[in-house]
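# Descriptive structure summary
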Amino acid sequence: YHGDGIPIKDDVMQYLSYMGVGYIRTDWHYKEFSDSTGAYAVTPAESIPEDLGKYKIKTMPIFIPKDIKGSVFWKIPKEYEIAVKWMEEAAKALNGRVEAVEMYNEIDLHDTPEGITNLYKRIYPILKKAGPDIEYVGLAYARKEYSWLKKFLDAGGGDYMDKFSVHHYDYKTS
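Residues numbered from 1 in each chain as written. Predicted model: local features only at pLDDT ≥ 70, side-chain atom pairs only at ≥ 80, totals over all residues. Heavy atoms only, no water.

### Let's talk about the pairing of strand S3 (residues 100–103)
A regular strand places its side chains so that they alternate between the two faces of the sheet. By the alternation rule, side chains of S3 split into Ala100 and Glu102 and Val101 and Met103, which are all buried. Where S3 lies against strand S4 (residues 135–141), three bridges are found, and the strand directions are parallel. What sits directly across from Glu102, in S4, is Val137. Between the parallel elements S3 and S4, the chain passes through helix H4 (residues 113–130) in a crossover that is right-handed. (Buried < 20%, exposed > 50% of the residue type's maximum accessible area, 1.4 Å probe, protein only. Helix = DSSP H or I, 4+ residues; strand = E, 2+ residues; numbered from the N terminus. Pairing = 2+ DSSP bridges. Right-handed = clockwise from strand over helix to strand, strands pointing away.)

### Here we look at the packing of aromatic side chains
The geometry of two aromatic rings is summed up by the distance between their centres and the angle between their planes. Applying the stated criterion across every chain, the model contains seven aromatic pairs. Seen from their ring centres, Tyr120 and Phe152 are 6.0 Å apart, and the 90° between their planes marks the pair as edge-to-face. Of the two residues, Tyr120 sits in helix H4 while Phe152 sits in helix H5 (residues 147–154), which places them 32 residues apart along the sequence. We note that Tyr120, like Phe152, is buried. Judged by centre distance (5.6 Å) and plane angle (10°), the ring pair of Trp148 and Phe152 falls under stacked. Here Trp148 pairs with Phe152, and both are found in helix H5, just four residues apart, close to one helical turn. The exposure class of Trp148 is buried, given its relative accessible area of 6%. When its relative accessible area of 0% is taken as the criterion, Phe152 is described as buried. Put simply, the rings of Tyr120, Tyr141, Tyr146, Trp148 and Phe152 touch in pairs and so form one group of aromatic residues. Over the face of the ring belonging to Tyr80 we find Arg122, whose NZ or CZ atom lies 4.2 Å from the ring centre. (Phe/Tyr/Trp six-rings, centres within 6.5 Å; stacked < 30°, edge-to-face > 60°. Lys NZ or Arg CZ within 6 Å of the ring centre and 35° of its normal.)

### Re the side chain of Glu102
As for its placement among the helices and strands, Glu102 is situated in strand S3. Among the polar contacts listed, one links the side chain of Glu102 to the side chain of Ser165, at a separation of 2.8 Å. (Polar contact = N/O pair within 3.5 Å; in protein donor to acceptor, adjacent residues only side chain to side chain.)

### Here we look at helix H3 (residues 77–94)
The end-to-end C-alpha distance of H3 is 26 Å, a good match for the 26 Å that 18 residues give at a rise of 1.5 Å each. All buried positions along H3 are accounted for by Tyr80, Ala83, Val84, Trp86, Met87, Ala90, Ala91 and Leu94. Projection of H3 onto a plane perpendicular to its axis shows the buried side chains occupying an angular sector of 165°, all on one side. Turned more than 90 degrees from where H3 packs its buried face, Pro77, Lys78 and Glu81 sit exposed. Within two residues after H3, Gly96 carries a phi angle of roughly 85°, on the positive side. (Expected span 1.5 Å × (residues − 1). Arc of directions from axis to C-beta.)

### Structural notes on the nonpolar core
Core analysis: the largest hydrophobic core is formed by 34 residues, its most contacted members being Phe63, Tyr120 and Leu139. Counting residues per element, the ones that place at least two in this core are strand S2 (58–64), H3, S3, H4, S4 and H5. When residues in this core are grouped by element, the largest group, eight residues, is from H3. Other than its neighbours up to four places away in sequence, Tyr120 contacts Met103, Ile107, Pro125, Gly138, Leu139, Phe152, Tyr160 and Met161. Judged by nonpolar contacts, the second largest core, of six residues, contains Met13, Leu16, Ile24 and Tyr55. (Core = buried A, V, L, I, M, F, W, Y, C linked by side-chain atoms within 4.5 Å. Contact = heavy atoms within 4.5 Å.)

### Things to note about H4
An ideal rise of 1.5 Å per residue puts 26 Å on 18 residues; H4 measures up with 25 Å between its terminal C-alpha atoms. Inspection of H4 places Pro113, Gly115, Ile116, Thr117, Leu119, Tyr120, Ile123, Tyr124, Leu127 and Ala130 among the buried residues, and these make up the whole buried set.

### A word on the confidence of the model for the protein chain
For the protein chain, the average pLDDT comes to 80, and 77% of its residues sit at 70 or higher. Considering each helix and strand of the protein chain separately, the mean pLDDT is smallest for helix H2 (residues 48–53), with a value of 71, and largest for H5, with 95. (pLDDT = per-residue confidence, 0-100.)

Next comes the structure, spelled out in structure tokens:
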């Protein structure tokens, strides 16, 4: 699925299924799942877990609370409240329908290890309460070196997620 909720063609999905693909990450942008007041709204993209299920492929939604590239919603109190409420409602709707949700994409590029630890410390308990059967995946780590990750883990950030993911980009220096 593309970030705008448009499904990939059936023949491609069937091919991916034959290849043994088990999961597909899907961007869930706030703008696609909220109405003009900022309230969580049901959209056709909520059928994604069931649509992929017919190919025996599971989905892992990525919560992307803001539409402004590089936005640090957690540093703006009003934006933070709106984003957390949206993620909470989405977690409730997805509980029992997906196994895992990623909490933002490549978040390490947007703040310090301490800043992200504090963010996860605030949102993880809210999401766990809203969707207790979901595993929450953090970071989507995108740096080529691991000093940021070490600082994040030393600050206790690993306590506020169930798993974390790493993006293995083709860095020539790694």
